[in-house]
Amino acid sequence: MDTLRRFLRKKLLWPALCSLVLAGAGARAEEPASACAASARGIPARAERAPGASEFIASVAGLGDHARDEAIRDELLAGNLPQFLRRVRPAILNARLRDGRSVQLTLCVLSDYLGLGADNDFLLVPMGLDSALAVATKFGFTLPTRRIVDLIYRAADVHLLPQPLPANDRMRSTAYLQQHGALVARQRAALGAPPGALTAGHKKDLVLSERLWRQPGRVAIYGWQRADGTPIQPLSTVHGERYADYSHGVRLVSQTMFVDGRPARLLDVLADDTLGPLLSDEGPLAPAAGWLAARAGRDGRGH
């Protein structure tokens, strides 16, 4: 209890509320859905003439995967993503601390993996690590950990099954992105899943992991859950940080989360000795904030 008190006093984003939280003075927290909705404010508005996915795909058809990655990043930074991806959903973890006290952690996550285009013409798009972090930072989000990926899957309203394509030298091609996108769309339609519902299972995640600062130049991927929730892809850093294929997705998690209904910085929670292990199976990730800050000066092109 004392550890949680210290964390709340030091790390809550609204310090004026700390005494009310700790004293139980009756201050009411917002409902998770409404509290998370504010996280979308950092996402730029979509321009009226922004290209849909079909037009975008035609424009990058002759590009290599690195040039396509840059084009994807530029479109997303300009706000060219569907309206349903501006819906931020809560993923809630109720846990018990070592001292027996219960705690509720609420994460605010995008309803689906990042995609570009309009609601009626969009494509989920993979990105290299730098591009993914550039978009996340601009929007006020970051990447999940493995444990957060699993939490999102459990919280999801819609579970889609992985649909692997044959492994070959076309896995990074635009044609493979389109083919897999069509498979996901058909599965979504067959389930009658509405856009904006929290959806999981159909892509591997780019994740935060201590391996990223221990093995510079790599990307960490994890996930692609089967129907029972077990992942096809264990944590892997086999690929270089600019690698992205059709199976990869970028799920964004807001940098603002809630501890017992009160706002806190996600990176502070991940670094905390008591709360961090609830969201990271690698233990507290204290170096994550510094690692992300160091990468913030890069331009998204691996420079």
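Scroll up to find the structure this text is about.
Everything numeric in this text was worked out from a predicted model, so none of it was measured.

Q: Please clarify how the pairing of strand E13 (residues 256-259) should be interpreted in this entry.
A: The side chains of a regular strand alternate between the sheet's two faces. In terms of strand pairing, strand E2 (residues 102-110) meets E13 through 2 bridges, oriented antiparallel. For Leu 105, the partnering residue across the bridge sits in E13 and is Val 259. Direction of pairing for E13 relative to strand E14 (residues 262-265): antiparallel, over a ladder of 4 bridges. Directly across from Thr 256, in E14, lies its bridge partner Arg 265. Here E13 hands over to E14 after 2 residues, with Asp 260 in that stretch at a positive phi of 50°.

Q: What exactly am I supposed to notice about unusual backbone geometry here?
A: Most peptide bonds adopt trans geometry, and most residues besides glycine take a negative phi value. Even without a glycine there, the phi angle at Trp 224 is positive, about 70°. With respect to the helices and strands, the residue Trp 224 is situated in strand E9 (residues 221-225). By relative accessible area, which is 3% here, Trp 224 ends up buried. For Asp 260, which is not glycine, the phi torsion reads 50° and is therefore positive. Residue placement: Asp 260 occurs in the loop between E13 and E14. Classification of Asp 260 as partly exposed rests on a relative accessible area of 26%.

Conventions we followed
- Residues numbered from 1 in each chain as written.
- Predicted model: local features only at pLDDT ≥ 70, side-chain atom pairs only at ≥ 80, totals over all residues.
- Heavy atoms only, no water.
- Pairing = 2+ DSSP bridges.
- Helix = DSSP H or I, 4+ residues; strand = E, 2+ residues; numbered from the N terminus.
- Buried < 20%, exposed > 50% of the residue type's maximum accessible area, 1.4 Å probe, protein only.

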